[in-house]
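Chain residues, written in single-letter form:
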Amino acid sequence: MTILDDPGQGGSREPGAGGGAEPGDQPTEGLAFDPRHFGIAPDEPWPDDVPRGQDDSHWRFEHDPGRARIAELRIAACWIVSLLASIGIAVVYVTGAQNQASGILWALAFLGIGVGLILWARDLLPGHDVIASRGRHDASDEGNRWAVAESFARGLEPIARRPFLFKLLGAVGGVFGIAALFPLASLGPRPDRNLYHTKWGRGVRAVTEDGRPLRPSDLPVNGILTVFPEGGMEDALAPTLLINLGDAPFEIPPSRTNWNIGGIVAFSKICTHAGCPAGLYNVQTHQLVCPCHQSTFDVLEDCKPVFGPAPRSLPQLPITTDTEGYIVARSDYTQPVGPGFWNRG
Ligand code: FES
């Protein structure tokens, strides 16, 4: 490491040569007092905007090995806490991922590393706070670049002097990194095409919440009912609204002329905005309203959104009746159900 301790270096820093400071203002102790630390080239006069007498090298326990040793132990203790917390994260995760315990351990792991690093920088590394010359507004000159390199070298030497802390930090980082990998297991399998399908399918009966199959006569005109695929009650994408529009004129694309049973139509209950149940039905206007952000769907017009943030119509489920007269699906939904996000890319 280069050590410059001759305050007279540079030739033009005579007392009063620009800043008007007294000779006693200039620091004469410390690791490396050099005008270049202040952005001043050795052959330049001392500028007015740079106070003299700045301490450009302070090192808290440089001359106190006893306290430096205590500081070292304090830092090691922080990192050992972090190390144990990281091991704890892995153990808690493997044994059932108890969320509160996980959170506390994550906090300890981060805090241990952070506090240890702060103590290391504060107590065992050299530092300097300086007010430097504003200088020119172009690329740093050689003097400044030299100062940065020299400052970096000054920081490395005390780190190399404490291999124990350095190795401990490596171990803490390694274990912490491994612990951080465990939650990746919670990401689960990729959904692949699952989000494009529901439990509805050809011949699957529509049943009520308590598993009762329905005949068209069970739904009076203007009646509305939430139904599920028989045997697929747990499917979050499957809830469907059966609505009896009576003889109200409703528009459907020509390709869907046989998707209804008389005036009974079936549409997904999952809002295409963010997936809330769009189940508020206005009998007068034949509109469905989603209570979350007030998207409004016109049932008479293929459930297209007429208000609110929903970007597309509620998908229609093709229905018919089976040989026993119960309402069944003709097939699964022919387009993805729910938020449009799943429909992109
Ligand atoms: S989730 Fe339905 S409007 Fe936002």
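Note: the structure precedes this text.
Each chain carries its own residue numbering, running from 1 in the written order of its sequence. Residue-level local features of this predicted model are given only where pLDDT is at least 70; pairs of side-chain atoms are given and counted only at 80 or more, and the full residue set underlies all totals for whole chains, interfaces and linings.

## Some remarks on the sheet that holds strand β4 (residues 264–268)
Then, in step 1: A sheet is described by the order of its strands in space; here 4 strands give the open sequence β1-β2-β3-β4, paired in antiparallel fashion. What marks the edges here is a single partner per strand, and that holds for β1 (206–207) and β4.
Then, in step 2: A strand pair is defined by DSSP finding two or more bridges across the two strands. By definition, any uninterrupted DSSP run of H or I lasting at least four residues is a helix, any uninterrupted run of E lasting at least two residues is a strand, and each is numbered from the N terminus. Pairing between strand β3 (residues 240–244) and β4: 5 bridges, direction antiparallel. Bridging across to β4, L241 finds its partner in F267.

## A word on the pairing of β4
Then, in step 1: Burial runs high along β4: 5 of the 5 residues are buried.
Then, in step 2: Between the buried cut of 20 or more and the exposed cut of 12 or fewer other C-beta atoms within 10 Å of a residue's own C-beta lies the partly exposed class, and all C-beta atoms are placed from the backbone. Side chains I264, A266 and S268 project from β4 onto one buried face, and the interleaved V265 and F267 project onto a second face that is buried too.

## Brief notes about the environment of L168
Then, in step 1: As for its placement among the helices and strands, L168 is situated in helix α4 (residues 163–181).
Then, in step 2: According to the C-beta neighbour criterion, L168 is buried, with 20 such atoms within 10 Å.
Then, in step 3: Considering only alpha carbons, one finds L168 and I75, 93 residues apart in sequence, at a separation of 9.9 Å.
Then, in step 4: Whether two residues are in contact is decided by their C-beta atoms, placed from the backbone, lying within 7 Å. If we skip the residues at most four places from it in the chain, L168 touches A76 and W79.

## Describing α4
Then, in step 1: Helix span, as expected, comes to 1.5 Å for every residue beyond the first. For α4, spanning 19 residues, the distance from its first C-alpha to its last is 27 Å, which sits close to the expected 27 Å at 1.5 Å a residue.
Then, in step 2: Check the buried side of α4 and you find it contacts α1 (65–94) and α2 (99–124).

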